[in-house]
Amino acid sequence: MSINSENFSLLSKLPQYVFSSVNELKYEARKKGEDIIDFGMGNPDQPTPRHIIEKLLESAIQGRNHRYSVSAGLPKLRLAITNWYKRNYDVELDPDNETIVTIGSKEGLSHLMISLLAPGETVLVPDPCYPIHSYSVLIARGNIKEYNSIKDENLLMNIEKGLKTKPKALIISFPSNPTTQTVDIDFFTKIVDLAKKYSVIVIHDFAYADICFDNYKAPSFLQASGAMNVGVESFSLSKSYNMAGWRVGFMSGNREVISALKRVKSYLDYGIFQPIQIAAITALNETQDCVKQTANIYKERRNRLVDGLSKIGWEIELPKATMFVWAKIPEQYLGMGSLEFSKKLIKDCKVAVSPGVGFGPSGDEFVRFALIENEQRIQQAARSMKKLFV
Ligand SMILES: Cc1ncc(COP(=O)(O)O)c(C=O)c1O
């Protein structure tokens, strides 16, 4: 028998990453020695705060931390999570039944879908969305139904329209990657009402909880009255604590949903390397100044980019949160679509961005800048994009 990848049915469902063609151009340019200013991937460039690394080192040297750990997460970490919710959002959680540690949000969301869905069941996902929101459904052999998540004023209406098709679950994520849209607690209350009306499980991805600016504080979905009855919320230490490579996050909320994920994960993993979990306890329990400093770095970069683009004639509204700027393609280039426009930015301006279409068809009039370059490089990029407007 010869092995033929065409027989692996899941692979045919997972499309090629749209981002890969832009990435290839970027690598080719770099191979030629060109300096590409890279706003492509949302990969935090700052180091993890020192006190968290020190805790990792101290724990890693101790042999007792080298054994298999606990799949659902150390009890002390689950306690730190519930204290974090109480302190930040005045939400009370039972550490044993209403929260679970995940190997980052991506792992948590993917295994959650496997835990909840029977093959062929449908999940309502945003378009555009962070790719794992839709791919996790495909990986679980589910079907995707999309709602347009571009326009603020129509959002609830779009969601309700999708809910009428009776999906099993609904994914929402605010502050949003890629659109940077934010919501208030009223929005979540309406989502809870819709969830009850249409008997749908709500999954809220809260990765940018702390990356907020200008006195905006993002609400937790679990603050909405009745949210615990209808859904769960996923949080990641990747962005708030610059711990993207460590792979640690958590999911909290409805105990039936958490219990389903816990059960499936208990077959699949033995928990994150224990020193990482111990360092995560330090991250959540100790000073949060580092979180504020990180948000401040993104705020200054956001200002620099939006200001720089405005000076060259590309007007973009200041986002209130996230590490991204979601920019409508200038009128004269709109016809190209986001993929060709992104390629043009690399070729002509030596600037790499993510084409909006990579996040879903409704994103095609936009490109996304990830704020992972320093202010000086951002200014340099804005200057170099000036030629688009002459
Ligand atoms: C909305 C959203 N959710 C989840 C993640 C990934 O989180 P993690 O590193 O915990 O898997 C990202 C990363 O960019 C994101 O933008």
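Rules and cut-offs
Residue numbering note: each chain is counted from 1, following its sequence as written. The predicted nature of this model means local features are confined to residues of pLDDT at least 70 and side-chain atom pairs, given and counted, to a pLDDT of 80 or more, with totals for whole chains, interfaces and linings taken over all residues. Excluded from the side-chain calculation are hydrogens and water; included are all heavy atoms of the structure. Strands are runs of DSSP state E lasting at least two residues, helices are runs of H or I lasting at least four, and both sets are numbered from the N terminus onward. Take the number of residues in a helix, subtract one, and multiply by 1.5 Å to get its expected span. Think of it in three bands: residues with accessible area under 20% of the maximum for their type are buried, residues over 50% are exposed, and the middle band is partly exposed, with areas taken using a 1.4 Å probe on protein chains only. Residue contacts follow a heavy-atom distance rule, with two residues in contact if any of their heavy atoms lie within 4.5 Å. Where helices are involved, their axes are fitted lines through C-alpha atoms of the stretch in contact, as for all axes, and angles between N-to-C directions lie from 0 to 180°. By the definition adopted for this analysis, an angle is roughly parallel if under 35 degrees, roughly antiparallel if over 145, roughly perpendicular if from 65 to 115, and oblique otherwise. Each helix crossing is assigned a hand: it is left-handed if the near helix lies turned anticlockwise from the far helix by less than a right angle, otherwise right-handed if that turn is clockwise. Side-chain classes follow a simple rule in which Ala, Val, Leu, Ile, Met, Phe, Trp, Tyr, Cys and Pro form the nonpolar group, Asp, Glu, Lys and Arg form the charged group, and the remainder, Gly included, forms the polar group. An automatic or database domain assignment supplies the start and end points of every domain. Buried area is calculated as the accessible area (1.4 Å probe) missing from two parts once they are joined, with the contributions of both summed. Criterion for a salt bridge: a side-chain nitrogen of Lys or Arg within 4 Å of a carboxyl oxygen of Asp or Glu. Two N or O atoms count as a polar contact when they lie within 3.5 Å, although within protein this holds only if one can serve as hydrogen donor and the other as acceptor, and sequence-adjacent residues are included solely when both atoms are side-chain atoms. Nearness of a residue to a molecule or strand requires only that one of the residue's heavy atoms be within 4 Å of it. Accessible areas in this description were obtained via Shrake-Rupley with a 1.4 Å probe; residue shielding takes into account the shown protein chains only. Cavities and pockets are found on a 1 Å grid laid over the protein atoms alone: a cavity is a set of points where a 1.4 Å probe fits but cannot escape, a pocket is an open set with protein on both sides within 12 Å along at least five of seven lines, and a lining residue has an atom within 4 Å of such a point. Molecule-in-pocket calls rest on the fraction of atoms, with more than half required to lie within 2 Å of the cavity or pocket grid points.

### Some points on helix α4 (residues 75-89)
At step 1: Under the 1.5 Å per step criterion, the end-to-end length of α4 is 21 Å for 15 residues, consistent within 8% with the ideal 21 Å.
At step 2: Here α4 has its buried residues at L77, R78, A80, I81, T82, W84, Y85 and Y89.
At step 3: Turning to α4, the residues buried within the fold contact β2 (99-102), β7 (231-236), β8 (249-253) and α12 (274-285).

### Some details on the packing of helix α7 (residues 155-163) against helix α8 (residues 185-198)
At step 1: Packing of α7 against α8 brings their axes to within 11 Å, and their N-to-C directions diverge by 15°. Between α7 and α8, the angle is such that the two are roughly parallel. Handedness of the crossing formed by α7 with α8: right-handed. The segment α7 lies against α8, with L155, L156, I159, E160 and L163 engaging F187, K190, I191, L194, K197 and Y198.
At step 2: The residue makeup of the contact of α7 with α8, split by class, is eight nonpolar, no polar and three charged.

### Here's the deal with the domain arrangement of the chain
At step 1: When cut into domains, the chain gives domain 1 (9-47 + 290-389) and domain 2 (50-285).
At step 2: Placing a centre on the C-alpha atoms of domain 1 and another on those of domain 2 gives a separation of 26 Å.
At step 3: On the side of domain 2, 33 residues touch domain 1, which itself brings 34 residues to the contact.
At step 4: For the pair domain 1 and domain 2, the two sides together bury roughly 3,000 Å², of which 64% comes from carbon and sulfur.
At step 5: On the domain 1 side of the contact with domain 2, K320, T322 and F359 bury the most area, a combined 20% of that side's loss.
At step 6: Where domain 1 touches domain 2, the interface holds one salt bridge.
At step 7: For the salt bridge of R302 with D214, the shortest nitrogen-to-oxygen distance reads 2.9 Å.
At step 8: Where domain 1 packs against domain 2, one counts eight residue pairs in polar contact (both at pLDDT 80 or more).
At step 9: Elements that contribute at least two residues to the side of domain 1 that touches domain 2 include exactly α1 (9-13), α13 (289-311), β9 (324-328) and β12 (366-370).
At step 10: Counting residues per element, the side of domain 1 that touches domain 2 draws most heavily on α13, which supplies seven residues.
At step 11: Residue composition of the side of domain 1 that touches domain 2, by class: 19 nonpolar, 10 polar and five charged.

### A word on the site of the ligand
At step 1: In the vicinity of the ligand, 13 residues are found, and the nearest of them are S105, D205, Y208, S236 and S238.
At step 2: Computed on the free molecule, the ligand has an accessible area of 400 Å², of which 94% lies beneath the protein chains in the complex.
At step 3: When atom positions are compared with the pocket grids, the ligand is found to occupy the largest pocket.
At step 4: Only α5 (104-116) and α10 (237-240) provide two or more residues apiece to the shell around the ligand.
At step 5: Per-element tally for the shell around the ligand: the top contributor is α5, with three residues.
At step 6: Partitioned by chemical class, the residues of the shell around the ligand number three nonpolar, six polar and four charged.

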